[in-house]
Each structure stands twice: as C-alpha cells, then as structure tokens.
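Next come the chains, spelled out residue by residue.
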Amino acid sequence: FCPFSKSKIVVTPQTSINATAQQVVKFQLPNHMLLNKMYLKTSFAGGADTNQGGSNKVSLTEFAGYACVQEIRIVYQGAEIWRSDGDSMFVSDYYRSNKEQSLLLDYMSGGGNLGELDGSLGNLTGRKAIASQGGQIDLAVPINAFFSEKLSAALDLAALSSPVFVEVNYRDVAS
C-alpha cells in the first residue's frame, strides 16, 4: 500500500455570493479525510465586449485572488481555530516561495499582465482577454494554515465529532 494517497475534492459553497456586495461565503469540509492542502478558487464573471469601451469587460486588480479576500476563517463547533486575511496570505506565500513557485503563484492568483485598455476584443491580452473572451476568469490561492506545514500535521476531519467550516469574507466589488 502507498504510505498515503492524495485526492482532489471540490467543495461547493453552502451560501451564494452577490455580485456587488461584501458578504460571507461558507463551505462545509467533508468528514472523511486528512486535510493537508487547501485552495480557495474564486471565479470572476465577465462577458464578451460588445463595443469599444463597453462596461461588460472584467478588469481585475493585481493579485485579485488574494485581494478579494477580506478575511478567511476555519471554524469547528462554533469556535474559530484559524484566521487570516488576503494580505497576510499573500505576504506569507511569497515570502516562503522560490522563483519558480512565485511564478506559479502569479498565474494562480492573477499577478502579471493585466492586458491592454483598448476595449476591442482583438487587441486584448493577458487576464483581460481571458476574462472578456472566456466569460470569466478563475483564480486560486493556497490556504496555508497549520495543517499545511507537513503531512504529520494534517487535520483529521474523520476523527472530529462535528463538521469543519471554512468561512470567507469577500470584499465588495468596489474594493
């Protein structure tokens, strides 16, 4: 047998997010595994630009995957067992990463080339092209909590008597 196996589980939120308002999105983690790595994937919706200067494009701030998170908490039986914010996660992730890892974080979190401001689809590049032509852009950031340091520190969700929740406070769109 393998000493351990890895699997990817996508957890859907229990609450939906409003397109403009700041709010909390809650995820219930499965109760049948050891949790070692966790990522927060956020989708930013857009649409094809219909005319020059149209308002249905998506133009995100640099590192929007981190910037959209005001606060993130892991809660067990109503008690907060871990808390961070997007800015702290950003700093700690880049502080611990080497050059190759930081390039991956750039691509995952929305760093790098934003794209041209021309407004016509043919001239868009970077994140603006992906979001406007594809209808959305998905950004993901690692959640490096206490269980992420090494495999022996994994959070045993199967041994707990109640579910564990991840609560994400998203910033409002204007921020």
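Residues numbered from 1 in each chain as written. Predicted model: local features only at pLDDT ≥ 70, side-chain atom pairs only at ≥ 80, totals over all residues. Heavy atoms only, no water.

> I'd like to hear about the packing of aromatic side chains, residue by residue, with values.
A full pass over the atoms with the stated rule returns 6 aromatic pairs. Ring centres of Phe63 and Tyr94 lie 5.7 Å apart, and the angle between their planes is 80°; this geometry places the pair in the edge-to-face category. Residue Phe63 is located in the loop between β3 (39-45) and α1 (64-67), and its partner Tyr94 is located in helix α2 (residues 86-96); the two are separated by 31 residues in the primary sequence. Of the two residues, Phe63 and Tyr94, both sit in the buried class. (Phe/Tyr/Trp six-rings, centres within 6.5 Å; stacked < 30°, edge-to-face > 60°. Helix = DSSP H or I, 4+ residues; strand = E, 2+ residues; numbered from the N terminus. Buried < 20%, exposed > 50% of the residue type's maximum accessible area, 1.4 Å probe, protein only.)

> Please set out the sheet that holds strand β1 (residues 23-28) residue by residue, giving values where relevant.
Taken in spatial order, the 4 strands of this open sheet run β1-β8-β4-β5, and their pairing is antiparallel. Edge strands, defined here as strands with exactly one partner in the open sheet, are β1 and β5 (79-84). For this sheet, the mean inter-axis angle between neighbouring strands, taken without regard to orientation, is 20°. Relative to strand β8 (residues 164-170), strand β4 (residues 69-76) runs antiparallel, the two being bridged by 7 bridges. Paired with Val69 across the bridge in β8 is Tyr170. Here α2 sits on the sheet and contacts β4 and β5; the angle it forms with β4, its principal contact strand, is near 90°. (Pairing = 2+ DSSP bridges. Axes fitted to C-alpha atoms, helices over the stretch in contact; angles between N-to-C directions. Contact = heavy atoms within 4.5 Å.)

Keep in mind these values describe shape, not function.
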